[in-house]
Amino acid sequence: DPQQLELATSSKRKPRRFIVIDEVVDELYGSKVREYFEENNVQHKILALPTTEETKSMDLVLNILQEVQNFSIDRRTEPIIAIGGGVCLDIVGLAASLYRRRTPYIRVPTTLLSYVDASVGAKNGVNFLQCKNKLGGYTPPVASFLDRSFIQSIPRRHISNGLGEILKMALMKHKGLFDLLKSHGKYLLDTKFQSYSGSDDNGDAALQTTRIAIETMLEELAPNLWEDDLDRLVDFGHLISPELEMRVLPSLMHGEAVNVDMAFMTYVAHARGLITAEEKEQIIQCMRGLELPVWHGGCSWPLIKRALMERLKHSGGQPRMPLPTGLGVAEIFNDTSEETLERAYKLWVRD
């Protein structure tokens, strides 16, 4: 808004920013963040918090809002900045949406998962009554700033965790992305998604992979930002995983739980005759190559049935089950029988 921009730049008041940063990120990059604001003569308050699935609650949102109120910001020209993984971005997004009914905020993702997933779209939320993201809303950020150099300091398991969400988009929408992951998965894990000039035959696999993942995610989310249409390919891997992830915390990370769900649904697709045995095997081998779990003991048959019942409750009485119909193509199905699901489950457990 030109008027707001003029107001912000012509004001005699020093620019001010309220920043929420994950405490682990603060240890690694906090001094650089502070240096940046000091050099640019920005009055700032940095709030470092433990942002994990276990702390993702309304209590933390209220804690942030208390600090925002104490600092006092102009809700039109002084966006709140969130620097951290997906949990941090979710919590701050909800806090911003509640403060003065809607305060602008900026997302700065620092994990691979949040880089390709939480940075895109409008959703925010917190866990409630042991249910994942039960409270939340749809308030898009005014901007997402993407910097892959943050990813170089995260553990290998976290890289793999992010690859789970990238693989989701590959299986649903982009055969080329699937081929990239199959060919360069180990290289991406080894190099932590950093770009190196003259890197043998890998080209810039990190840039290509993240760009395609984000573009395909935007293609799916942008026309349906507020989820008016509940038929969503991006829900692949998210039918059983919310129940599984909360049940086994903290043993599975989000992308890992999503991958366990996708592995089971790959067997369902095969049991329905949507993909060949060879395609099923290619998908499972790609998952293994990305060092993602393809099964978890907590994913019992009763849990699957319970998760699918929960799915029916909040998806208009239909399962709306995205399933691959090949490599990089998918459709949504509402007619998968319990017998087919159970047969797929038995084969999955056996393998």
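Given the structure is predicted, the values throughout are model-derived calculations rather than measurements.

A. Representation of the overall build of the protein chain. The number of helices and strands found in the protein chain is 13 helices and nine strands. The principal-axis extent of the C-alpha atoms belonging to the protein chain is close to 70 × 50 × 35 Å. Put simply, the protein chain has 41 plus and 47 minus side-chain charges, and the middle of one group is 4 Å from the middle of the other.

B. Seen up close, helix 10 (residues 254-271). The end-to-end C-alpha distance of helix 10, which contains 18 residues, comes to 26 Å, matching closely the 26 Å that a straight helix rising 1.5 Å per residue would cover. The buried count for helix 10 comes to 17 of 18 residues, which makes it a mostly enclosed element. Count one or two residues on from helix 10 and you reach Gly-273, which has phi positive near 80°.

C. Just the packing of aromatic side chains, in detail. Per the counting criterion, the structure on display carries seven aromatic pairs. Note on Phe-264 and Tyr-345: the rings are 6.2 Å apart at their centroids and 75° apart in plane angle, and the pair reads as edge-to-face. With Phe-264 in helix 10 and Tyr-345 in helix 13 (residues 338-350), this residue pair connects regions lying 81 residues apart in the sequence. For Phe-264, a relative accessible area of 0% puts it in the buried group. Given the relative accessible area of 15%, Tyr-345 is considered buried.

D. Layout of the UniProt feature "domain: 3-dehydroquinate synthase N-terminal" (unreviewed entry) in the protein chain. In the numbering used here, UniProt assigns the "domain: 3-dehydroquinate synthase N-terminal" (unreviewed entry) feature to residues 48-160. The span residues 48-160 carries 35% helix and 25% strand; its end-to-end C-alpha distance comes to 25 Å.

E. Structural view of the sheet that holds strand 7 (residues 143-144). With respect to topology, five strands assemble into an open sheet ordered 2-1-3-4-7, the strand pairing being parallel. Lying at the two open borders of the sheet, with one neighbouring strand each, are strand 2 (43-49) and strand 7. Against the sheet, helix 2 (residues 23-39) touches strand 1 (16-22), strand 2 and strand 3 (80-84), its axis set at about 160° to strand 1. Against the sheet, helix 4 (residues 86-98) touches strand 1, strand 3 and strand 4 (105-109), its axis set at about 165° to strand 3.

F. Just helix 12 (residues 301-313), in detail. Look at helix 12: 19 Å from first C-alpha to last across 13 residues, which is about the 18 Å you get at 1.5 Å a residue. For helix 12, the complete set of buried residues consists of Trp-301, Leu-303, Ile-304, Ala-307, Leu-308 and Arg-311. In an axial view of helix 12, the angular spread of the buried residues amounts to 155°, which keeps them on one side of the axis. Residues of helix 12 that are exposed and angled more than 90 degrees away from the buried face: Met-309 and Lys-313. Tucked into the core, helix 12 has its buried residues touching helix 9 (241-248), helix 10, strand 8 (321-324) and helix 13.

G. Region of the structure containing the packing of helix 6 (residues 156-173) against helix 10. For the pair helix 6 and helix 10, the least separation of the axes is 7 Å and the interaxial angle reads 45°. As summarised for this structure, helix 6 and helix 10 are arranged oblique, according to the angle between their axes. Between helix 6 and helix 10 lies a crossing of left-handed hand. Contacts between helix 6 and helix 10 pair Arg-157, Asn-161, Gly-164, Glu-165, Leu-167 and Lys-168 from the former with His-254, Gly-255, Glu-256, Val-258, Asn-259 and Met-262 from the latter. A breakdown of the residues in the contact of helix 6 with helix 10 according to their chemical character gives three nonpolar, five polar and four charged.

H. Expanded view of the packing of helix 6 against helix 7 (residues 175-191). Where helix 6 meets helix 7, the axes come as close as 9 Å, and the angle between the chain directions of the two elements is 170°. When the axes of helix 6 and helix 7 are compared, the pair comes out roughly antiparallel. In this structure, helix 6 contributes Arg-156, Ile-159, Ser-160, Leu-163, Ile-166, Leu-167, Met-169, Ala-170, Leu-171 and Lys-173 to the contact, and helix 7 contributes Lys-175, Leu-177, Phe-178, Leu-181, Leu-188, Leu-189 and Asp-190. A per-class count over the contact of helix 6 with helix 7 returns twelve nonpolar, one polar and four charged.

I. Quick look at the domain arrangement of the protein chain. Once the domains are mapped, the protein chain shows domain 1 (14-152) and domain 2 (155-223 + 232-350). Placing a centre on the C-alpha atoms of domain 1 and another on those of domain 2 gives a separation of 27 Å. Domain 1 puts 20 residues into the contact, and the matching count from domain 2 is 28 residues. Taken together, the two surfaces of domain 1 and domain 2 that pack against each other cover about 2,000 Å², and 67% of this comes from carbon and sulfur. Broken down residue by residue, the surface that domain 1 buries against domain 2 is led by Leu-112, Leu-113 and Arg-148, which jointly contribute 32%. For the interface between domain 1 and domain 2, the tally reads two salt bridges. Note that Glu-245 is salt-bridged to Lys-132, the shortest N-O span being 3.3 Å.

J. Seen up close, the environment of Thr-77. Within the secondary structure, Thr-77 sits in the loop between helix 3 (58-71) and strand 3. By relative accessible area, which is 17% here, Thr-77 ends up buried. Along the backbone, Thr-77 and Leu-5 are 72 residues apart, and their C-alpha atoms lie at a distance of 7.7 Å.

K. A look at the nonpolar core. Formed by 71 residues in total, the largest nonpolar core has its most connected members in Leu-167 and Phe-264. When residues of this core are assigned to their parent elements, the largest contribution, eleven residues, is made by helix 10. The residue makeup of this core includes at least three contributed by each of domain 1 (14-152) and domain 2 (155-223 + 232-350). Residues contacting Leu-167, with those up to four places away along its chain left out, are Phe-178, Leu-181, Asn-259, Met-262, Cys-286, Met-287 and Leu-290. Counting 25 residues, the second largest nonpolar core, distinct from the first, contains Leu-60, Ile-64, Leu-89 and Ile-91.

What counts and how
Residues numbered from 1 in each chain as written. Predicted model: local features only at pLDDT ≥ 70, side-chain atom pairs only at ≥ 80, totals over all residues. Heavy atoms only, no water. Helix = DSSP H or I, 4+ residues; strand = E, 2+ residues; numbered from the N terminus. Lys, Arg positive; Asp, Glu negative; His and termini not counted. Charge placed at Lys NZ, Arg CZ, Asp CG, Glu CD. Expected span 1.5 Å × (residues − 1). Buried < 20%, exposed > 50% of the residue type's maximum accessible area, 1.4 Å probe, protein only. Phe/Tyr/Trp six-rings, centres within 6.5 Å; stacked < 30°, edge-to-face > 60°. UniProt positions renumbered as here; feature names shortened; annotations may be inferred. Pairing = 2+ DSSP bridges. Contact = heavy atoms within 4.5 Å. Axes fitted to C-alpha atoms, helices over the stretch in contact; angles between N-to-C directions. Arc of directions from axis to C-beta. Parallel < 35°, antiparallel > 145°, perpendicular 65-115°, else oblique. Left-handed = near helix turned anticlockwise from the far one by under 90°. Nonpolar A, V, L, I, M, F, W, Y, C, P; charged D, E, K, R; others polar. Domains from an automatic or database assignment. Buried area = accessible area lost by both parts, 1.4 Å probe. Salt bridge = Lys/Arg side-chain N within 4 Å of Asp/Glu carboxyl O. Core = buried A, V, L, I, M, F, W, Y, C linked by side-chain atoms within 4.5 Å.

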